[in-house]
Each structure stands twice: as C-alpha cells, then as structure tokens.
Amino acid sequence: MPTPTHADSSWDSPAKTPQARRGRRWLRIALWGGSSVLLLALIACGAGLWWLRSITVSALPQLEGDVHMSGLHAGVTVRRDAHGSPHIEAKNEHDLFFAQGYVTAQDRLWQMDAFRRNANGELAEVMGPSLLKHDIAQRVLQFKRTAQRIYERMPAADRAYLDDYARGVNAFIASHEESLPSEFKLLGYRPKPWTGVDSISVGMMMVQTLDTHWLTKLSRERIAHDLRNPRLEADLYPVGSWRDHLPVGDLINAPAPQPKQVTEDDDDDEDDRAQAHRETAEDLKELRTVLEESRCEGCTPGSNNWVISGAHTASGKPLLSNDMHLSLTVPNIWYMADLEAPGFHAEGVTLPGMPFVVAGHNEHVAWGFTALYADVQDLYVETLDGKGNYKAPDGSWKPLIRDKEVIQVRRQKPAMIEVDSTDHGPLLDPLLTDDDRHIALEWTLYDPTLDAIPLHELNTAANWQQFSVALKDWNWPTQNLVYADDQGHIAYHAIGRVPLRPGGLAGVPISDDKHEWNGYIPYEDMPNALDPASGLLATANARVTADNTAYPLTLEWADPYRVQRIFKVLQGRDHLKPQDMLALQTDVYSEVDQELAHRFAYAIDHTEGADQRLRDAADLMRRWDGRLTTDSAAASLVVETRKALWPMILKPKLGKDAGIYQWSESNFAEEEIIMRSNSDWLPKGYADWDALLTDAVKNAMREGHAPADPADWLYGNWHVVDIEHPLARFLPLVGRMAGTGPQPMRGDTTTVKQVGRSFGPSQRFTMDWSNVDGSTENIVLGESGNPLSPYFRDQWKYWYDGTTFAFPFTSGAVAAQTTHTLRLIP
C-alpha cells in the first residue's frame, strides 16, 4: 500500500476536523444566500421594469373612437396622420382651442407641467432640493407674477382663448387620473389644474431663452476691469462684423469699433466697481449653470430663416424656410398641429401649453422666426437708505416693493425668500450674494402696459396688411420675421418692443441717471422690407441694422457665418426648389473653419521643431474642404484647436475670469484675433503667432486624446448629439429608455446647421406656395412623449439623416394620410 501524502486529498479528507465541515456548510449557506439575493434583485428589477412598462402602456392616448365630455359646444374631429400629428376640425374656435388643449395633453401633459414649473420656479417641489437654486432664480425674476399680471390685463377675447385651452387640458386630466404619463407616477405627484396663466408662463419661458442678456453684462463688467484696455475689450466684444449682410442681402461695411479713452477718473471708478464685486465671478458661473444649463459652448439660441420670391423659384411661387435653433430635449420643444374652424385654419409648430400655431402657415400667409437679439434689458445699480427705500432717478426716495416667495421643496421644509423691487425692476440680491451692490433688472417683460400676445391675429391674417397690423402688437421676444403669401409677396420685419435709450446702449451695469428708457422704437422704424428687388430676404441672428441707423438695437449680435453662407448659396440663383432649401438647412460647410485650418497649417509649416505628427496634421488641414462631416479628421483638428486656443490667450490676461467670458459673436472675435495676429494678445514666452498656434494644435490633440495618427481622429468619434429626457439625471433608467444616446453629428456652431451636444435645429419647415400640401415640416423626435408610442421617435431618422416629409393641410390630403380618427362629443 502506498504511503499517503498531504497532497493526496483522498487520504486527507477523512482527517478533516469538525471546524472544516462547519466551514464548508457556511460556504454553502453563503453561496445559496448570495444566489438568493441575486435572484431577488433580478426579480425586483424585472418587476420594476414590468411596472414601468405597464404604467407607460396605460398612459398611451386613445386615438380612435368616440370620447364624450362636457365643455364642448359641438363635436370635434381629430385625425392623426402618418406621423401622429393631429388635424383638429371644430365648428367654432371655442371648441377648437378646447380640443387643442385636450389633444396636446394626450401626448405632452408631463412636458407641459414641467414647462410651467420651470418658468414659475416650482421644480424643487417635485424633483427635490437640487432644483432649489433654479426656483429661487425664477422667483427673483418674477415670471409667475408677471404671467398673472399679463393674463389679468390682456384683452378679454385673448383671455378666453387661453381659458378654452385650459379647460381642454383639465378635461384630459380629470378623465385620466389613473392613467397619467409615467413621469407623474415615477415622481409621485399629480398635476394641478391648468390655467390661462400657466399658458402665459410657458410663453415666458421662451422669452427668457431668447431675450436674456443681463448675465453677459455682468461678466463683461468684470472682464473689462481685468483688461483695463478698451481696445482689447473691443476685440472680445465686437459689435457686428465685415461679414454681415442686411436682410435684403446688402453687405454691411463695418468700421472697426472705436474704444473710449480711459481717464484717471475712469480708473478710479473701475477700482471702486472691482472692489464692490470682487467675488461675483463664482456667482456668474453658478447662475449660468442654473439658468443656461443646456447651452453648449459657442451655441447661439436663435435660428435661420429666409424667403425667396417666385422670380427665383422653379414654380414661380415663393418659398419660405425656417429652422429654429434651441436646446434639444425629450420630447421635442415643439408639437406639430393643424387647427381648423370656421374663419381659422393654421398649421405648423405649437408650443405645448399654449394655444395657436407659433410658426407655420394658414391658407394665405406663411411666416418663420429667428431671434433678433435686441437689447431689452438693463442693469441699474440702486442706492438704498437701509430703511426700505431707494433713490429714484429724479432724486426722490421711494419705498421698495417687497414680495415674499414661498418655495416648496420635496422632502424638506419650504424655502422662503424676499424679493425687493424698484421702478426699474427686481433687485438681484438673492442671486448675486457676493456683490455688495444692489442691482435691479429692468426688462420690457415687466412693463405693465404691455400685455398683448397677437398669435390669433397672426394665425388668421389673409395678407401682409393684416399680418403687419398684428405684428405691431408683438411685445416679446424680439424676433426677425420673414413672410410669404399666396399672392406672391415676401416681407421681413424686426418685431418686439425695444427701448429708446437717449443715453445710448449700455453693455455693463448702469450707475448714473443718464440711461433711463424713454418709450420704445416705433414699429415702422424697426428694420423691415417688402418685396425687395433682390427677391431674397434672410436672417440668422446676426446684425440687421446699417451703420447709420437712427435706432441701434443691441451691442451683441450673433456670429455672421450662417447668414453669410445663406446669401452666398442663394444669391444669384434661379429655379430654386424645396430640395434646395433642405440642402441649405443641412449645410455643414464653414468658411471660417476652413480659413483657420489654412492658418494653423501655415503656422506649423513656419515653426521650427514641429514634429512629424504636427506636420501630418498640417497636411490634413491644408487639404480640407471645410465641410464638418463625421469622417473628417481635419474637422477635429480645427474645432479642437479653436477650443484649446481660447484659454491660452485669455487666462494670461483674465486669470480665473477667463471662464466667464461669453459673447454671441465670440467665434468672430477669435477669428479676428487670430487672423490679425495682434501682438497684444500674444502670451509671454511665444516668439510669434506661428509658435502659439502650433502649440494650440499640439494642446488640442493632447486634450482631445487624438490617436497617434491624426488622420484617425475622426470628427464623429467624439462630436456627437445626445438628447436626454429631463429626468435622466434623477432616474437613469428613464434616460436609457427615452434618450437617443450619443450619435455622431455633422456641423458645428458656425455652420448653417448649427449644432452642439444637445443643441440644434428644433424643427425644419419649408413652405411651397405652389404646392401647399407638399410643404414640409419635421421636428426632432416625434409627437408623443410616451416612449412606447409609435410616434415617440418616428421623426428622428428624418432629422438625423437630413431628410423631411410633407405635412398635409387641405382636407383631401389630410384624408389620404389619416391613420386614426377620434371624435370628441359633447
């Protein structure tokens, strides 16, 4: 018999001790326990998914059959087309707007509730304390109180339209208490009844997005102090450019900005201001995060629009195109709809929460918007006596107006703030906590004499004369509007109330009594054109006023590149067709990026010691065609080099304040600084601009984690669009279900197709007056806010691939595309 060894387990097993046997038993228990926990976790996860799916399915709207409800005067028919867009036909306007509210709530109720809470400062109540700072800002800015004031003072007929819409929304809420959208159940709350005031609040949300410039005035004040050089300040804050075109296409020859001369007294004033706001940089960074969270670097909320007379189209009838550039969310900010009643027939994009069509067409006229960027806000440094009074511009003392705001916070005690106001507007003290001054915000939105929202008049106008009369009552936001009608007329008009400032425009807070407002620029004196000889009108948020204008509108226009490209593509062309409009809306050529690519390549060629990798990068850039496509390596090099260059030239002069620089024409500012090779901007340690730009390319490749071979650094590998549901950061599972995930994206912030990670064209519209039913409109994702609806993401492929589809309008075309019919019966 062989002698057993310790390595022979068959001989060793019988010798195991009771402790060893207990160890094996505990091991088995642990394994069984772990398996059971894992199994229970899987069951819980499965149950959670089943529950989420079940509540999402239950929230799918009824699209077929009859629905009986009170509140209607007569029956309403709702036909859904191939993309789920509603075509609502009513026998009177009362029922039409009631039905619009009901149908919009079917698809977008939670979004509507989120919109009103966002505007009114009521998000923390349902989403928790992380939204408290946002809510405080909205309460200080007085949106809810302003909406209430507008509602109470607006014409009775307009108030009735809002109330009709609200009754329709509430009819849906009342009849679907057990099948509300899943977001309500996930967050554990029910929507409050809708009101006409809520609709105005939703509209104010758009005004805030498009007309807010006061943060930039605060940051400019600080940066101006850091620079102490008006010429360098003018470099960072250009007012228009040599690339600008008037809406009629004329090139504007912009003179170089003339900075004021700084005197010793000015230096003393600057020192006083710097001491007073020495810590506001952190305030500004935080406020931008709170108020502009989804704004991407270099992105400019605005749009493109243009209109071409029949003299230049293949059909002989006008073509009008519009794509509005906004933050991209799930669901889309717009909701497509067709609204018809006796004397009323309009279709286009609507804003969930508001009646009417915002942009689109009716049977006779079509229109589209871009942001005008007019300055409708000023900041005033107020003098307080510490006893509840402030010093008015006339030198008298007046009592502050004090409002108390109570903000509900989920699972916490309510937060309470006091908002003081002067005749200028609310004091921003609760937002600028590190600023020793008392700064009031004056805004046209706060003017109690302004209360009209003329969307009904725009929707029902039959010609330019009627349309123009309605535009006179447009108050906010300030817009560039282009127009075309079935009689062949085209027009442009800048609209919105813009203050008359005898003391001139102010780009920083005002500390004197010489910059008070004195009424508004007359409507007739705003930039406008009717049937120009060129047969072409276009805007893209850039400058629209000539140098000799009697009424300057703003100091801050958007970059000129989009409008310049639009005119270069369209001017001098005839026989244009709708497909040419779509090609321009999706155009990704950038003249400035191509120009800078050549400059960067030149710099590398003329820099001693540039390695082979840099020279390979230079070769890619010099051969580039300027199109920012997803398979382009040169696009990566140029865009990332531009990004890397800013801190290299700003930080030496501004330090940490470089992070608060923001200007809607910052891309042009950078172009001019680079192409002029201004020695004042050349950081210490660099012999010349070639060396600096070569280093910028090197930094871009390092910071962007470029591959060893620059040719492999494809633009689409990192430049993406990623559209998320608002609850994604609170409920990641919802984000994965509803969001697009990162997708390679063409274009940048200087192309006609202006895009960022969650920013871009929120819709694309082309009106063809030779074929109304062939006119096209599409939004980003789809009509529904329910991820299980077939209409939740059916438009995504069109938007992403740069294609589109017709939006039927006439009864025959609608009937041919009808997939569902719902009848609302009183």
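Fair warning: this is a prediction, and the values are worked out from it, not measured in the lab.

Enquirer: Residue-level account of the sheet that holds strand S8 (residues 359-362), with values.
Expert: The 11 strands lie next to each other as S1-S25-S2-S3-S6-S7-S8-S9-S16-S17-S18, forming an open sheet whose pairing is mixed. Where the open sheet ends on each side, the last strands, each with one partner, are strand S1 (65-68) and strand S18 (528-530). For this sheet, the mean angle separating the axes of adjacent strands, direction not counted, is 15°. Of the pairings in the sheet, the one linking strand S6 (residues 335-341) to strand S7 (residues 344-350) comprises seven bridges and is antiparallel in character. Opposite Glu340, over in S7, you have His345 as the bridge partner. On top of the sheet, helix H15 (residues 464-471) reaches strand S9 (365-371), strand S16 (479-485), strand S17 (490-495) and S18; it is set at about 165° to S16, its chief contact.

Enquirer: Account for the packing of aromatic side chains, naming residues and giving values.
Expert: Describing an aromatic ring pair means giving the distance of the ring centres and the angle of the ring planes. Inspection of every chain in the model, using the stated rule, returns 20 aromatic pairs. Taken together, a centroid distance of 5.3 Å and an interplanar angle of 65° make the contact between Phe97 and Tyr161 edge-to-face. Taken together, the positions of Phe97 in helix H3 (residues 93-120) and Tyr161 in helix H7 (residues 156-175) put the pair 64 residues apart, joining distant regions of the chain. Using a relative accessible area of 0% as the deciding quantity, one classes Phe97 as buried. Ring geometry for Tyr102 versus Phe172: centroids 5.6 Å apart, planes at 80°, classification edge-to-face. Here the residue Tyr102 occupies a position in helix H3, and Phe172 occupies one in helix H7, the gap between them amounting to 70 residues.

Enquirer: Describe a nonpolar patch on the surface, and please don't skip the residues or the numbers.
Expert: A cluster of nonpolar side chains, Val57, Leu60 and Leu788, forms an exposed patch at the surface whose accessible area comes to about 190 Å². Along the chain, the position of Val57 falls in helix H2 (residues 18-58).

Enquirer: Give me the lowdown on the side chain of His361, citing residues and values where you can.
Expert: Considering the arrangement of structural elements, one finds His361 in strand S8. In contact with His361, other than residues within four places in its own chain, are His345, Ala346, Glu347, Ala366, Trp367, Phe765, Met767, Val772 and Phe809.

Enquirer: Talk me through the environment of Leu123; I want residue IDs and the actual numbers.
Expert: Summarising the element assignment, Leu123 is placed in the loop between H3 and helix H4 (124-127). Looking at Leu123, the relative accessible area reads 8%, which means it is buried. Spatially, the C-alpha atom of Leu123 lies 9.7 Å from that of Asp113, the residues being 10 residues apart in sequence. Residue contacts for Leu123: discarding those within four places in its chain leaves Ala114, Arg117, Asn118, Gly128, Leu131, His134 and Asp135.

Enquirer: Give a description of the packing of helix H20 (residues 633-654) against helix H21 (residues 666-676) that names residues and reports values.
Expert: In a pair of packed helices, the angle between the axes and the distance between the axes together describe the arrangement. Closest axis-to-axis distance for the H20/H21 pair is 11 Å, and the angle between their directions is 75°. Judged by the angle between their axes, H20 and H21 are roughly perpendicular. Here Arg642, Leu645, Trp646 and Ile649 of H20 lie close against H21, whose contacting residues are Ser666, Asn667, Ala669, Glu670, Ile673 and Ile674. Partitioned by chemical class, the residues of the contact of H20 with H21 number six nonpolar, two polar and two charged.

Enquirer: Provide a residue-level description of the nonpolar core, including the pertinent values.
Expert: Trp214, Leu236, Trp334, Phe467 and Leu824 are the most contacted members of the largest nonpolar core, which totals 175 residues. In terms of residue count, the dominant contributor to this core is H3 (13 residues). Not counting residues up to four positions away in its chain, the partners in contact with Trp214 are Leu141, Leu287, Leu291, Gln377, Leu379, Leu428, Leu431 and Leu441.

Enquirer: Account for the pairing of strand S4 (residues 302-308), with residues named and values stated.
Expert: Of all seven residues in S4, seven are buried; the element is thus mostly enclosed. A two-sided burial pattern is seen for S4, the buried positions comprising Gly302, Asn304, Trp306 and Ile308 on one face and Ser303, Asn305 and Val307 on the other. As judged from the four bridges shared by S4 and strand S19 (residues 536-539), these two strands associate in the antiparallel manner. Bridging from a neighbouring strand, Ile308 pairs with Leu536 of S19.

Enquirer: Account for H21, with residues named and values stated.
Expert: When you tally the buried positions in H21, you get nine out of 11 residues, the bulk of the element. Among the residues of H21, Ser666, Asn667, Phe668, Ala669, Glu670, Glu671, Glu672, Ile673 and Ile674 are the ones counted as buried. Where H21 is buried, its residues meet helix H11 (230-236), helix H16 (561-570), helix H18 (591-605), H20 and helix H22 (689-703). The positive-phi residue at the C-terminal boundary of H21 is Ser677, with phi of around 50°.

Enquirer: With reference to specific residues and values, describe the pattern of salt bridges.
Expert: Applying the stated criterion across every chain yields a total of 47 salt bridges. In this structure, Asp107 and Arg80 form a salt bridge, with 2.7 Å as the shortest nitrogen-oxygen distance. Of this pair, Asp107 sits in helix H3 while Arg80 sits in strand S2 (residues 76-80), placing them 27 residues apart in sequence. Linked through salt bridges whose partners overlap, the residues forming this network are Asp113, Arg116, Arg117, Glu125, Lys192 and Asp198.

Enquirer: Describe in detail empty space enclosed by the protein, supporting the description with residues and values.
Expert: For the coordinates displayed, the defined rule picks out 11 cavities of 30 Å³ or more. Estimates place the volume of the largest cavity at around 360 Å³. Lining the largest cavity are 26 residues, with Met206, Val358, Trp474, Trp476 and Pro477 sitting closest to its centre. Here the lining of the largest cavity gets six residues from one element, more than from any other, and that element is helix H9 (residues 196-211). Partitioned by chemical class, the residues of the lining of the largest cavity number 20 nonpolar, six polar and no charged. Approximately 160 Å³ is the volume found for the second largest cavity. If you trace the second largest cavity, you find 17 residues lining it, with Asp107, Pro181, Glu183, Gly785 and Asn786 closest to the centre. No other element matches H3, which puts seven residues into the lining of the second largest cavity.

Enquirer: I'd like a description of the side chain of Asp244, backed by residues and values.
Expert: Residue placement: Asp244 occurs in the loop between H11 and helix H12 (264-276). Within the structure, Asp244 has its side chain in polar contact with the backbone nitrogen of Ser241 (distance 2.5 Å). Among the polar contacts listed, one links the side chain of Asp244 to the side chain of Arg543, at a separation of 3.3 Å. Discounting residues that sit within four places of it in the chain, Asp244 has contacts with Asp250, Leu251, Ile252, Ala542, Arg543 and Pro560.

Enquirer: Could you give an account of the environment of Pro331, with specific residues and numbers?
Expert: Locating Pro331 in the fold gives a position in the loop between strand S5 (319-327) and S6. Pro331 gets classed as buried once you look at its relative accessible area, which sits at 6%. Along the primary structure Pro331 and Val697 are separated by 366 residues, whereas in three dimensions their C-alpha atoms are 38 Å apart.

Calculation rules
Residues numbered from 1 in each chain as written. Predicted model: local features only at pLDDT ≥ 70, side-chain atom pairs only at ≥ 80, totals over all residues. Heavy atoms only, no water. Pairing = 2+ DSSP bridges. Helix = DSSP H or I, 4+ residues; strand = E, 2+ residues; numbered from the N terminus. Axes fitted to C-alpha atoms, helices over the stretch in contact; angles between N-to-C directions. Contact = heavy atoms within 4.5 Å. Phe/Tyr/Trp six-rings, centres within 6.5 Å; stacked < 30°, edge-to-face > 60°. Buried < 20%, exposed > 50% of the residue type's maximum accessible area, 1.4 Å probe, protein only. Patch = residues over 30% accessible without salt bridge, like charges linked within 9 Å, V, L, I, M, F, W, Y side chains within 5 Å. Areas by Shrake-Rupley, 256 points an atom, 1.4 Å probe, with all protein chains shown as cover. Salt bridge = Lys/Arg side-chain N within 4 Å of Asp/Glu carboxyl O. Parallel < 35°, antiparallel > 145°, perpendicular 65-115°, else oblique. Nonpolar A, V, L, I, M, F, W, Y, C, P; charged D, E, K, R; others polar. Core = buried A, V, L, I, M, F, W, Y, C linked by side-chain atoms within 4.5 Å. 1 Å grid on protein atoms, 1.4 Å probe; cavity = no way out; pocket = protein on both sides within 12 Å on 5 of 7 lines; lining within 4 Å. Points joined across faces, edges and corners; volume = space filled by probe spheres on them. Polar contact = N/O pair within 3.5 Å; in protein donor to acceptor, adjacent residues only side chain to side chain.

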